[in-house]
Amino acid sequence: MSKIPPTRDAFRVFRTLTTRWFDNDVYAHMNNAVHYQLFDTVVNGHLLEKGVLDIKNSDSIFLVVESGCAYFGEIAFPDVISAGLRVAKIGRTSIRYEIGLFRGENNDAAAFGHFIHVNVDRNTRKPVPMTGAHLKVLESLLI
């Protein structure tokens, strides 16, 4: 991961999130594990809104197989977070998402993370190719 935080203009779409009281840890900032919860919220929220993800009825689901995060600044309650989302790579069965968490109106990300989803059959958990509808939505986020 880069040692330089990405800026807002590097992302395709944004979602506004708010920190919660219990997100802070004993060091008075958001605990590092919460960043990963926010990454999931940003990606899955976008997929649900765009009709790519149907949690209850789809034949396939997305599983996270890799994740990581670089921290550049602190986020704490009661901050408002602007979460930027982009796709760095699309494979036949997998997608690499990259997420920037921006504190308030800051232009530099306080945290920059990634995770890789693999599209798998709901029952067998074996990788399956993504459909054209999936790809259209994901390609709109491609950098």
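Residues numbered from 1 in each chain as written. Predicted model: local features only at pLDDT ≥ 70, side-chain atom pairs only at ≥ 80, totals over all residues. Heavy atoms only, no water.

### Re helix H1 (residues 32-49)
Heads up, the rule is: Where helices and strands are cited, they refer to DSSP runs of H or I of at least four residues and of E of at least two residues respectively, numbered from the N terminus. For a helix, the expected span equals 1.5 Å multiplied by the residue count minus one. When a residue's accessible area, from a 1.4 Å probe over protein chains only, is under 20% of the maximum for its type it is buried; when over 50% it is exposed; and in between it is partly exposed. Think of a polar contact as two N or O atoms within 3.5 Å of one another; within protein, one of them needs to be a possible hydrogen donor and the other a possible acceptor, and neighboring residues in sequence only count if both atoms come from side chains.
End to end, H1 covers 27 Å across 18 residues, agreeing with the expected 26 Å (1.5 Å per residue, within 8%). Regarding H1, the residues found buried are Val-34, His-35, Leu-38, Phe-39, Val-42, Val-43, Gly-45, His-46 and Leu-47. Where H1 begins, the capping side chain belongs to Asn-31, and its oxygen is found 2.9 Å from the backbone nitrogen of Ala-33. Trailing H1 by a residue or two, Gly-51 shows a phi angle of about 80°, which is positive.

### Remarks on unusual backbone geometry
Note the cis peptide between Phe-77 and Pro-78, where omega equals 15°. Although it is not a glycine, Ala-28 sits at a positive phi angle of roughly 65°. Here Ala-28 is to be found in the loop between strand S1 (13-18) and H1. Ala-28 sits in the exposed class, given a relative accessible area of 55%. The backbone of Arg-125 shows a phi angle near 65°, a positive value even though the residue is not glycine. Counting through the fold element by element, Arg-125 comes out in the loop between strand S5 (111-121) and helix H2 (132-139).

### Comments concerning a nonpolar patch on the surface
Note the following rule: Each patch is built from residues that are more than 30% exposed by relative accessible area and take part in no salt bridge. Like charges join if they lie within 9 Å; nonpolar side chains (Val, Leu, Ile, Met, Phe, Trp, Tyr) join within 5 Å. Computed with the Shrake-Rupley method and a 1.4 Å probe, the accessible areas treat only the protein chains shown as cover for residues. We define a salt bridge as a contact between a side-chain nitrogen of Lys or Arg and a carboxyl oxygen of Asp or Glu at a distance within 4 Å.
On the surface, Trp-21, Phe-22 and Phe-77 cluster together into a nonpolar patch covering about 410 Å² of accessible area. The topology assignment puts Phe-77 in the loop between strand S2 (60-71) and strand S3 (80-90). A relative accessible area of 34% places Phe-77 in the partly exposed class.

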